[in-house]
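Commentary on secondary and tertiary structure
Chain residues, written in single-letter form:
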Amino acid sequence: MKLSNTLLRLRKRLESKAGKAIADYNMIEDGDTVLVCISGGKDSYTLLSLLMALRERAPIAFRLIAMNLDQKQPGFPAGVLPAYLAQIGIDYRIVEQDTYSVVRTKLPAGKTTCSLCSRLRRGVIYRMAKELGANKIALGHHRDDIVHTLFLNLLFGGQLKAMPPKLVTDDGAHVVIRPLSYCAEADIARFARGMAYPIIPCNLCGAQENLQREKVRAMMADWDRRFPGRTEAVFSALQKVVPSHLADHSLFDFKGLRPGVELAAVAGGDSVFDLPRQADWWSGPDAQPIRVLRS
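Only a predicted model underlies this, so the values are computations on that prediction, with no experimental measurement involved. (Residues numbered from 1 in each chain as written. Predicted model: local features only at pLDDT ≥ 70, side-chain atom pairs only at ≥ 80, totals over all residues. Heavy atoms only, no water.)

**Quick look at the packing of aromatic side chains**
- Applying the stated criterion across every chain, the model contains 8 aromatic pairs.
- Note on Tyr25 and Tyr182: the rings are 6.2 Å apart at their centroids and 65° apart in plane angle, and the pair reads as edge-to-face. Taken together, the positions of Tyr25 in the loop between α1 (5–24) and β1 (33–37) and Tyr182 in the loop between β6 (175–177) and α7 (185–195) put the pair 157 residues apart, joining distant regions of the chain.
- Its relative accessible area of 12% is what places Tyr182 among the buried residues.
- When the centroid spacing of 5.0 Å and the interplanar angle of 80° are considered together, the rings of Tyr45 and Tyr84 count as edge-to-face. Within this pair, whereas Tyr45 is found in helix α2 (residues 42–57), its partner Tyr84 is found in helix α3 (residues 80–88), the two being separated by 39 residues in sequence. You'll find Tyr45 and Tyr84 in the same group, each marked buried.
- Aromatic ring contacts, followed pair by pair, group Tyr45, Tyr84, Phe191 and Tyr197 into a single cluster. (Phe/Tyr/Trp six-rings, centres within 6.5 Å; stacked < 30°, edge-to-face > 60°. Helix = DSSP H or I, 4+ residues; strand = E, 2+ residues; numbered from the N terminus. Buried < 20%, exposed > 50% of the residue type's maximum accessible area, 1.4 Å probe, protein only.)

Next comes the structure, spelled out in C-alpha coordinates:
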(Lines give C-alpha, C1' and ligand atoms only; values in the text may rest on other atoms or scores of the structure.)
Protein backbone atom coordinates (compact mmCIF):
# COMPACT_ATOMS: atom_id res chain seq x y z
CA MET A 1 0.00 0.00 0.00
CA LYS A 2 1.13 3.55 -0.73
CA LEU A 3 1.68 5.49 2.48
CA SER A 4 0.99 9.19 2.93
CA ASN A 5 3.82 11.50 3.94
CA THR A 6 2.22 11.88 7.38
CA LEU A 7 2.12 8.12 7.88
CA LEU A 8 5.69 7.76 6.62
CA ARG A 9 6.88 10.32 9.17
CA LEU A 10 4.98 8.53 11.91
CA ARG A 11 6.50 5.19 10.92
CA LYS A 12 9.95 6.74 10.91
CA ARG A 13 9.40 8.11 14.43
CA LEU A 14 8.18 4.76 15.72
CA GLU A 15 11.07 2.91 14.07
CA SER A 16 13.51 5.39 15.62
CA LYS A 17 12.05 4.95 19.10
CA ALA A 18 11.96 1.16 18.80
CA GLY A 19 15.51 1.11 17.48
CA LYS A 20 16.71 3.27 20.37
CA ALA A 21 15.01 1.03 22.93
CA ILE A 22 16.58 -2.05 21.35
CA ALA A 23 20.01 -0.40 21.44
CA ASP A 24 19.67 1.07 24.95
CA TYR A 25 18.78 -2.31 26.47
CA ASN A 26 20.69 -4.54 24.03
CA MET A 27 17.45 -6.37 23.28
CA ILE A 28 18.53 -8.09 20.05
CA GLU A 29 21.98 -9.46 19.23
CA ASP A 30 23.60 -11.10 16.24
CA GLY A 31 22.27 -14.62 15.68
CA ASP A 32 19.15 -14.22 17.83
CA THR A 33 15.89 -15.94 17.02
CA VAL A 34 13.05 -13.70 18.15
CA LEU A 35 9.57 -15.09 18.72
CA VAL A 36 7.19 -12.17 18.07
CA CYS A 37 3.86 -12.64 19.85
CA ILE A 38 0.95 -11.51 17.68
CA SER A 39 -2.49 -11.14 19.23
CA GLY A 40 -4.23 -9.39 16.37
CA GLY A 41 -4.28 -6.05 18.20
CA LYS A 42 -2.78 -2.73 17.14
CA ASP A 43 0.29 -3.08 19.36
CA SER A 44 1.45 -6.47 18.13
CA TYR A 45 0.85 -5.62 14.47
CA THR A 46 2.95 -2.48 14.92
CA LEU A 47 5.65 -4.41 16.78
CA LEU A 48 6.00 -6.94 13.98
CA SER A 49 6.06 -4.23 11.30
CA LEU A 50 8.79 -2.26 13.07
CA LEU A 51 10.95 -5.31 13.75
CA MET A 52 10.72 -6.41 10.12
CA ALA A 53 11.73 -2.92 8.96
CA LEU A 54 14.60 -2.68 11.43
CA ARG A 55 15.87 -6.13 10.46
CA GLU A 56 16.29 -4.99 6.87
CA ARG A 57 18.86 -2.35 7.78
CA ALA A 58 20.34 -3.73 10.99
CA PRO A 59 24.11 -4.37 11.02
CA ILE A 60 23.40 -7.77 12.60
CA ALA A 61 21.49 -10.84 11.45
CA PHE A 62 18.56 -12.16 13.44
CA ARG A 63 15.53 -14.32 12.72
CA LEU A 64 11.90 -13.38 13.33
CA ILE A 65 9.12 -15.90 13.90
CA ALA A 66 5.59 -14.59 14.41
CA MET A 67 3.35 -16.59 16.73
CA ASN A 68 -0.35 -16.33 17.46
CA LEU A 69 -2.15 -18.24 20.18
CA ASP A 70 -5.66 -19.22 19.08
CA GLN A 71 -7.40 -19.46 22.46
CA LYS A 72 -10.60 -20.88 20.93
CA GLN A 73 -12.74 -17.93 21.83
CA PRO A 74 -16.22 -18.22 20.34
CA GLY A 75 -16.41 -16.27 17.11
CA PHE A 76 -12.65 -15.82 16.79
CA PRO A 77 -11.83 -15.25 13.07
CA ALA A 78 -9.20 -17.98 12.79
CA GLY A 79 -8.30 -17.23 9.17
CA VAL A 80 -7.43 -13.55 9.56
CA LEU A 81 -3.92 -13.79 11.01
CA PRO A 82 -2.64 -16.69 8.88
CA ALA A 83 -3.73 -14.81 5.75
CA TYR A 84 -2.08 -11.58 6.89
CA LEU A 85 1.17 -13.22 8.01
CA ALA A 86 1.44 -15.20 4.78
CA GLN A 87 0.81 -12.03 2.78
CA ILE A 88 3.68 -10.11 4.39
CA GLY A 89 6.04 -13.08 4.01
CA ILE A 90 6.96 -13.72 7.64
CA ASP A 91 7.72 -17.14 9.12
CA TYR A 92 4.84 -17.84 11.51
CA ARG A 93 3.16 -20.40 13.75
CA ILE A 94 -0.49 -20.55 14.81
CA VAL A 95 -0.82 -22.43 18.10
CA GLU A 96 -4.24 -23.73 19.09
CA GLN A 97 -4.87 -24.04 22.83
CA ASP A 98 -8.30 -23.87 24.41
CA THR A 99 -7.41 -21.52 27.27
CA TYR A 100 -10.83 -19.88 26.89
CA SER A 101 -12.64 -22.89 28.36
CA VAL A 102 -10.08 -23.20 31.15
CA VAL A 103 -10.55 -19.57 32.19
CA ARG A 104 -14.34 -19.80 32.06
CA THR A 105 -14.33 -23.05 34.05
CA LYS A 106 -11.89 -21.96 36.73
CA LEU A 107 -13.25 -18.47 37.41
CA PRO A 108 -16.80 -17.66 38.55
CA ALA A 109 -18.89 -15.26 36.54
CA GLY A 110 -18.05 -11.62 37.20
CA LYS A 111 -14.44 -12.25 38.18
CA THR A 112 -11.68 -10.61 36.18
CA THR A 113 -9.93 -13.06 33.88
CA CYS A 114 -6.73 -11.27 32.87
CA SER A 115 -4.41 -12.77 35.49
CA LEU A 116 -5.25 -16.42 34.79
CA CYS A 117 -5.46 -15.85 31.05
CA SER A 118 -2.04 -14.20 31.09
CA ARG A 119 -0.45 -17.10 33.01
CA LEU A 120 -1.89 -19.65 30.60
CA ARG A 121 -0.72 -17.69 27.56
CA ARG A 122 2.72 -17.26 29.05
CA GLY A 123 3.11 -21.01 29.53
CA VAL A 124 2.22 -21.71 25.90
CA ILE A 125 4.54 -18.97 24.62
CA TYR A 126 7.51 -20.25 26.64
CA ARG A 127 6.91 -23.79 25.45
CA MET A 128 6.77 -22.71 21.82
CA ALA A 129 9.90 -20.58 22.17
CA LYS A 130 11.75 -23.63 23.45
CA GLU A 131 10.45 -25.86 20.66
CA LEU A 132 11.38 -23.32 17.98
CA GLY A 133 14.81 -22.54 19.44
CA ALA A 134 13.92 -18.89 20.05
CA ASN A 135 16.09 -17.24 22.68
CA LYS A 136 14.17 -13.93 22.67
CA ILE A 137 10.42 -13.34 23.07
CA ALA A 138 9.12 -9.97 21.85
CA LEU A 139 5.93 -8.55 23.36
CA GLY A 140 3.95 -5.53 22.22
CA HIS A 141 3.75 -3.56 25.48
CA HIS A 142 4.38 0.15 24.97
CA ARG A 143 5.34 3.14 27.11
CA ASP A 144 1.81 3.71 28.39
CA ASP A 145 1.51 0.07 29.47
CA ILE A 146 4.70 0.43 31.48
CA VAL A 147 3.52 3.60 33.22
CA HIS A 148 0.10 2.10 33.97
CA THR A 149 1.75 -0.98 35.47
CA LEU A 150 3.84 1.26 37.73
CA PHE A 151 0.71 2.86 39.18
CA LEU A 152 -1.09 -0.48 39.42
CA ASN A 153 1.70 -1.87 41.58
CA LEU A 154 2.07 1.37 43.52
CA LEU A 155 -1.60 1.99 44.30
CA PHE A 156 -2.94 -1.56 44.52
CA GLY A 157 0.09 -3.76 45.16
CA GLY A 158 2.24 -1.70 47.52
CA GLN A 159 5.33 -2.09 45.31
CA LEU A 160 7.41 0.41 43.38
CA LYS A 161 7.61 -1.83 40.32
CA ALA A 162 6.74 -1.41 36.66
CA MET A 163 7.09 -3.50 33.50
CA PRO A 164 10.76 -3.71 32.42
CA PRO A 165 11.84 -3.28 28.79
CA LYS A 166 13.85 -6.50 29.13
CA LEU A 167 13.81 -9.42 31.56
CA VAL A 168 14.86 -13.04 31.92
CA THR A 169 12.08 -15.61 32.35
CA ASP A 170 11.78 -17.32 35.74
CA ASP A 171 13.27 -20.54 34.38
CA GLY A 172 16.22 -18.63 32.94
CA ALA A 173 15.61 -20.07 29.48
CA HIS A 174 14.54 -16.96 27.55
CA VAL A 175 14.81 -13.19 27.46
CA VAL A 176 11.57 -11.23 27.12
CA ILE A 177 11.92 -7.92 25.28
CA ARG A 178 9.56 -4.99 24.76
CA PRO A 179 10.85 -2.98 21.77
CA LEU A 180 7.88 -0.57 21.94
CA SER A 181 8.91 0.64 25.42
CA TYR A 182 9.65 4.16 24.14
CA CYS A 183 6.56 4.35 21.89
CA ALA A 184 3.40 6.21 22.89
CA GLU A 185 0.11 4.35 22.60
CA ALA A 186 -1.46 7.28 20.75
CA ASP A 187 1.21 7.07 18.03
CA ILE A 188 0.75 3.31 17.74
CA ALA A 189 -3.02 3.70 17.43
CA ARG A 190 -2.63 6.31 14.67
CA PHE A 191 -0.13 4.14 12.84
CA ALA A 192 -2.35 1.05 13.06
CA ARG A 193 -5.31 3.00 11.67
CA GLY A 194 -3.22 4.33 8.83
CA MET A 195 -1.89 0.86 8.00
CA ALA A 196 -5.45 -0.58 8.11
CA TYR A 197 -4.35 -3.66 10.03
CA PRO A 198 -7.02 -6.39 10.31
CA ILE A 199 -7.60 -5.82 14.03
CA ILE A 200 -9.05 -8.71 16.03
CA PRO A 201 -10.59 -7.50 19.32
CA CYS A 202 -10.11 -9.60 22.47
CA ASN A 203 -13.57 -10.58 23.70
CA LEU A 204 -12.46 -13.19 26.22
CA CYS A 205 -13.10 -10.89 29.13
CA GLY A 206 -15.52 -8.41 27.64
CA ALA A 207 -15.16 -4.79 28.69
CA GLN A 208 -14.48 -5.52 32.39
CA GLU A 209 -14.75 -1.86 33.28
CA ASN A 210 -14.09 -2.70 36.92
CA LEU A 211 -10.51 -3.72 36.17
CA GLN A 212 -7.94 -1.82 38.20
CA ARG A 213 -5.90 -1.30 35.04
CA GLU A 214 -8.83 0.49 33.43
CA LYS A 215 -9.08 2.77 36.45
CA VAL A 216 -5.39 3.62 36.15
CA ARG A 217 -5.76 4.16 32.40
CA ALA A 218 -8.61 6.61 33.02
CA MET A 219 -6.58 8.38 35.71
CA MET A 220 -3.58 8.86 33.42
CA ALA A 221 -5.79 9.97 30.52
CA ASP A 222 -7.31 12.63 32.79
CA TRP A 223 -3.87 13.78 33.94
CA ASP A 224 -2.61 14.00 30.38
CA ARG A 225 -5.64 16.03 29.32
CA ARG A 226 -5.23 18.50 32.16
CA PHE A 227 -1.42 18.50 32.33
CA PRO A 228 0.03 17.33 28.98
CA GLY A 229 3.24 15.35 29.24
CA ARG A 230 2.55 13.52 32.51
CA THR A 231 2.98 10.05 31.01
CA GLU A 232 6.31 11.05 29.46
CA ALA A 233 7.45 12.52 32.78
CA VAL A 234 6.56 9.37 34.72
CA PHE A 235 8.34 7.13 32.23
CA SER A 236 11.38 9.40 32.37
CA ALA A 237 11.37 9.01 36.16
CA LEU A 238 11.63 5.24 35.75
CA GLN A 239 14.98 5.81 34.07
CA LYS A 240 16.26 8.19 36.77
CA VAL A 241 15.86 6.25 40.00
CA VAL A 242 17.58 7.60 43.12
CA PRO A 243 17.70 4.76 45.70
CA SER A 244 19.12 7.03 48.41
CA HIS A 245 15.91 9.05 48.37
CA LEU A 246 13.47 6.19 48.57
CA ALA A 247 13.13 3.88 51.59
CA ASP A 248 14.30 0.41 50.53
CA HIS A 249 17.19 -0.43 52.85
CA SER A 250 18.05 -3.45 50.70
CA LEU A 251 18.95 -1.07 47.85
CA PHE A 252 20.73 1.59 49.89
CA ASP A 253 22.82 1.45 53.06
CA PHE A 254 20.79 3.80 55.26
CA LYS A 255 22.29 2.26 58.42
CA GLY A 256 25.78 3.19 57.28
CA LEU A 257 24.81 6.75 56.36
CA ARG A 258 26.52 9.39 58.53
CA PRO A 259 28.28 12.76 58.19
CA GLY A 260 31.46 12.59 56.15
CA VAL A 261 30.27 9.89 53.77
CA GLU A 262 31.31 10.56 50.17
CA LEU A 263 28.43 12.43 48.52
CA ALA A 264 28.82 10.46 45.31
CA ALA A 265 27.85 7.36 47.28
CA VAL A 266 24.48 8.90 48.15
CA ALA A 267 23.59 10.10 44.65
CA GLY A 268 24.35 13.74 45.36
CA GLY A 269 22.95 14.14 48.84
CA ASP A 270 20.47 16.99 49.18
CA SER A 271 21.06 18.14 45.60
CA VAL A 272 18.72 15.45 44.29
CA PHE A 273 15.84 17.49 45.69
CA ASP A 274 16.69 20.34 43.31
CA LEU A 275 14.34 20.72 40.35
CA PRO A 276 15.69 21.30 36.86
CA ARG A 277 16.23 24.92 35.95
CA GLN A 278 13.00 26.85 36.16
CA ALA A 279 13.04 27.71 32.46
CA ASP A 280 12.91 24.02 31.65
CA TRP A 281 9.49 23.73 33.30
CA TRP A 282 7.72 27.07 33.06
CA SER A 283 8.34 30.74 32.51
CA GLY A 284 8.29 32.94 35.55
CA PRO A 285 10.24 35.54 37.55
CA ASP A 286 13.70 34.74 38.81
CA ALA A 287 13.91 33.45 42.38
CA GLN A 288 14.37 36.20 44.95
CA PRO A 289 16.87 36.02 47.84
CA ILE A 290 15.49 34.89 51.18
CA ARG A 291 14.93 37.65 53.70
CA VAL A 292 14.99 36.83 57.41
CA LEU A 293 12.47 38.86 59.32
CA ARG A 294 12.73 39.55 63.03
CA SER A 295 9.72 39.87 65.28
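**Here's the deal with the pattern of salt bridges**
- By the definition in use, this model includes 17 salt bridges.
- Glu15 is the salt-bridge partner of Arg11, the closest N and O atoms lying 3.7 Å from each other. Of this pair, Arg11 and Glu15 both sit in helix α1, separated by 4 residues, roughly a single helical turn.
- For Arg11, a relative accessible area of 29% translates into the label partly exposed. (Salt bridge = Lys/Arg side-chain N within 4 Å of Asp/Glu carboxyl O.)

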